[in-house]
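Tertiary structure, described
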Amino acid sequence: MKIFQVDAFASKPFEGNPAGVCVLEEPAEEAWMQAFANEMNLAETAYTWPEGDGWRLRWFTPVAEVDLCGHATLAAAHTLYETGSVENASVIRFQTRSGELKVTPAQRGLCLNFPAEPPAAQPLPEGLTEAVFRGIEAAPVWTGANRMDLFIQAESESVVRALRPALSQIADVDVRGVIVTAPADSGQPYDVVSRFFAPRYGVPEDPVTGSAHCAIAPFWSERLGMSRLRGYQASPRGGLVGMNHLGDRVELTGTAVTIFQALLNSRASRV
């Protein structure tokens, strides 16, 4: 069995978000997938195998399966194209816990068609503002949530970049993670900036989170009056995500780089 490590939403090695990718011939035991994701110790490990006229796709953090993951979908599609498992010009149809997700080759990488996940306004849980803005003289401009994450609009890009949150307090909140976003500073080659923290799911800070941009795209599209946006996730690795808000869908565009491939020891192919 081959395992690949791919940097997603990256134009060169060692930036963007690394994901593990296992291309299987048939479904694997869920316990094994979770155990191997823990062994990989990446934000996500993706498992994909042929199903019908497309592919099944599942995503696991080191501690849990998730409902939606953008960077590991990009990594899985990149791997299928690069290994010849799918012809370069073909559309990949992934069946997932979030329905069918299509990936199409585009001029600037690969285009992922995902569900829009706009946040609805709601207050943050008690103590979370202090946890997120720890040590910073700043406060949320707007707060909300979607089915997966809490969502915070910060005042400026400098506030987003300065965040050093209390991760143990964020981990106590029963959500996948916390998105913090703001408009880009004037003159930047992107429109909005963000960071994403998911310590409850074993990901203290995610380098680049495609699924978070399913919320970021509709939120900023409405406020900036632009359907096409470019987002920068300002983690230490960083990465750019192209966004096109299409009502109840969002197109996310990015590139990926394979870092290595390896053969899994046969004794490790089962729990």
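For the structure, check the block above.
Note that the structure is predicted; figures quoted are calculated from it, not measured.

The rules behind each value
- Residues numbered from 1 in each chain as written.
- Predicted model: local features only at pLDDT ≥ 70, side-chain atom pairs only at ≥ 80, totals over all residues.
- Heavy atoms only, no water.
- Helix = DSSP H or I, 4+ residues; strand = E, 2+ residues; numbered from the N terminus.
- Expected span 1.5 Å × (residues − 1).
- Buried < 20%, exposed > 50% of the residue type's maximum accessible area, 1.4 Å probe, protein only.
- Phe/Tyr/Trp six-rings, centres within 6.5 Å; stacked < 30°, edge-to-face > 60°.
- Pairing = 2+ DSSP bridges.

**Description of helix 2 (residues 70–82)**
An α-helical turn contains 3.6 residues, so any two residues separated by three or four positions project in the same direction. The terminal C-alpha atoms of helix 2 lie 18 Å apart, and with 13 residues this matches the ideal 18 Å at 1.5 Å per residue to within 8%. With twelve of 13 residues buried, helix 2 lies mostly within the body of the structure. Buried within helix 2 are the following residues: Gly70, His71, Ala72, Thr73, Leu74, Ala75, Ala76, Ala77, His78, Thr79, Leu80 and Tyr81.

**Focus: helix 1 (residues 30–40)**
Listing the buried residues of helix 1 in full gives Trp32, Met33, Gln34, Phe36, Ala37 and Met40. Where helix 1 ends, the next residue or the one after it, Asn41, has phi of about 55 degrees, a positive value.

**A word on the packing of aromatic side chains**
Throughout the structure, instances matching the rule amount to eight aromatic pairs. Between Trp32 and Tyr47 the ring centres are 5.7 Å apart and the planes differ by 65 degrees, which places this aromatic pair in the edge-to-face class. With Trp32 in helix 1 and Tyr47 in strand 3 (residues 44–51), the pair connects residues that are 15 residues apart, well separated along the chain. On the basis of relative accessibility, which here comes to 5%, the residue Trp32 falls in the buried class. For Tyr47, a relative accessible area of 0% translates into the label buried.

**Side note on the pairing of strand 10 (residues 142–145)**
The two faces of a sheet get side chains in turn, since along a regular strand they alternate between them. Of the two faces of strand 10, the one carrying Trp142 and Gly144 and the one carrying Thr143 and Ala145 are both buried. As paired strands, strand 9 (residues 120–121) and strand 10 are joined by two bridges and run antiparallel to one another. From the neighbouring strand, Ala120 faces strand 10, where its bridge partner is Ala145. Of the strand pairs in this sheet, strand 10 and strand 11 (residues 149–153) are connected by four bridges, and their pairing is antiparallel. Of the residues in strand 11, the one forming a bridge with Trp142 is Gln153. The hairpin formed by strand 10 and strand 11 contains three residues between the paired strands.

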